[in-house]
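A look at the structure
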Amino acid sequence: MKRLLIALACAACAGLVSAQEAPKAAAPAPEAKAAADSAAKPHHRRAPRDRDAMRRGARALRGRAVEAKPFGKLADGTEVKIYRLQSPDGLIIDVSDYGGRLVRCYAPDKYGNLADVTLGWNTPGEYEKLGFSMGTLIGRYGNRIADGKFTLDGKEYQLPINEDKKTAATQRHCNLHGGPEGWDKKVWTATPMVSRGPVQGIVFSYVSEDGEMGFPGKVTCRVTYRVLPKNVWSVEYYASTDKPTVLNLTHHSYWNLAGESSGNVLGQELQIFADEYMQTTPGLIPTKSVPVKGTGFDFTSLRPIGAKADLMKADKALACTDNWYDHNFVLRGKNGELKQAVFMRDPVSGRTMEIWTTEPCMQMYGAQNMTDAIPAKAAGKHLCQFAGVALETQHAPDSPNRPDFPSTVLRPGATFHSRTEYRFGTGK
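Here's what I pulled together on the structure shown here. Because the structure is a prediction, the values reported are computed rather than measured. (Residues numbered from 1 in each chain as written. Predicted model: local features only at pLDDT ≥ 70, side-chain atom pairs only at ≥ 80, totals over all residues. Heavy atoms only, no water.)

Quick look at the pattern of salt bridges
According to the stated counting rule, one finds 18 salt bridges in the structure shown. The partner of Asp184 in a salt bridge is Lys185, with the nearest N and O atoms 3.1 Å apart. Lys243 serves as the salt-bridge partner of Asp210, at 2.6 Å between the closest nitrogen and oxygen. With Asp210 in the loop between β13 (200-208) and β14 (219-228) and Lys243 in the loop between β15 (232-241) and β16 (245-246), this residue pair connects regions lying 33 residues apart in the sequence. Residue class for Asp210 comes out partly exposed when judged on its relative accessible area of 38%. (Salt bridge = Lys/Arg side-chain N within 4 Å of Asp/Glu carboxyl O. Helix = DSSP H or I, 4+ residues; strand = E, 2+ residues; numbered from the N terminus. Buried < 20%, exposed > 50% of the residue type's maximum accessible area, 1.4 Å probe, protein only.)

Topic: the packing of aromatic side chains
Applying the stated criterion to the full structure yields 20 aromatic pairs. When the ring of Trp255 is compared with that of Tyr422, the centres are 5.5 Å apart and the planes differ by 40°; the resulting orientation is tilted. Here Tyr422 lies in strand β29 (residues 416-426) and Trp255 lies in strand β18 (residues 254-255), a separation of 167 residues in the sequence. Under the relative-accessibility criterion, Trp255 is labelled buried at 0%. Residues Phe297 and Phe329 carry aromatic rings whose centres are separated by 6.1 Å and whose planes lie at 55° to one another, so their mutual orientation is tilted. Remark: Phe329 occurs in strand β23 (residues 326-331) and Phe297 occurs in the loop between β21 (286-291) and β22 (303-304); sequence separation between them is 32 residues. For the pair shown, Phe297 and Phe329 are each scored as buried. Cluster of aromatic residues (ring-pair linked, three or more members): Tyr83, Phe204, Tyr225, Trp233, Trp255, Tyr422 and Phe424. Directly above the aromatic system of Phe299 lies the positively charged group of Arg303, at a separation of 3.6 Å from the ring centroid. (Phe/Tyr/Trp six-rings, centres within 6.5 Å; stacked < 30°, edge-to-face > 60°. Lys NZ or Arg CZ within 6 Å of the ring centre and 35° of its normal.)

Considering the sheet that holds strand β12 (residues 189-192)
If you trace the 9 strands from one edge of the open sheet to the other, you get β12-β13-β14-β15-β29-β25-β24-β19-β22, paired in antiparallel fashion. What marks the edges here is a single partner per strand, and that holds for β12 and β22. Bridging between strand β19 (residues 269-272) and strand β24 (residues 339-345) involves 4 bridges; their strand directions are antiparallel. Across the sheet, residue Ile272 finds its bridge partner in β24, namely Val342. (Pairing = 2+ DSSP bridges.)

Here it is, written out as structure tokens:
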């Protein structure tokens, strides 16, 4: 393993690792349902990573711009690109200018083995066809706006309805994630940053014209991705407008810390730093915040994601979400101040992920609608129900219609600014 890691560091020094080439990863961990048994079994201990090699790799990154590689073509023939950012401590991410997508995220386990811990696909065409907002930037408004309507400064705006599902359990009729042609469908302008020390980064920018998807105001947005030492991926958002508008930006990555095609995440452990979640209508529009205590939404201490499945199944009010998670949590701490939202751990690999954010809320979606008909990135593999979990830092759904929620109004002369960090590690 030591020789492997030295080779990886040398490849980084020489600039030989392309955005399409996957670093060698460990074999997938067992499915989450076998996590407890697997955790009790002895593992072959690998040699620790060569820290001197990592430091040499960090020096080699200094002063280098991130390079663009071909990713493929969209259905209309537009060519899109992919970029690789790496930390001197092992974290590697591949991101695309198509929707600002996180395509791959390689994180080391407790033995230094790398695995891709985010769900996604290998071609732009799969993202276009398969959906799920997989790995993308979300705008102009993340989450749901009831009936696609809101009133701002006395004027009502009608947005396109792109979630219209009426069954015995649910009555969805809303604008979701900015509409059918939201920012996830756009090709962003990518500007790689020249490395400052061991930090690599890229700036994605997009101009949303006045009236796009029914929203008022011309919005200019830039989102900066940085990969920092100690395996941190930082996402920082800035936006301005020429007219009053509403704005709610987030990132819609799905996480599986055992590896993207390793099975479901029910046995992986999650802690959410929130004492309240938002109940919803059958259309998934929030009604009020209620305590998590005594419910299936209680993640105030670290526990397996699937540990309270019986409570979720017994709650008739959750039929609209297939009795699983698609809800907004109200985070502890002040809006605008960086605070911890999540701690997640895979007990088998030892991988951990912390999410820190300046946002007031976080939506948890448990991938209950995924099936084994959906391909994974690994050759011959498929996803499954609960294959990952989306943890979207944001403002609350339907905030433009709820003056009691933190405001999502952006006015001329003001700058929207938000930051979320994903901190990968092992242990605890």
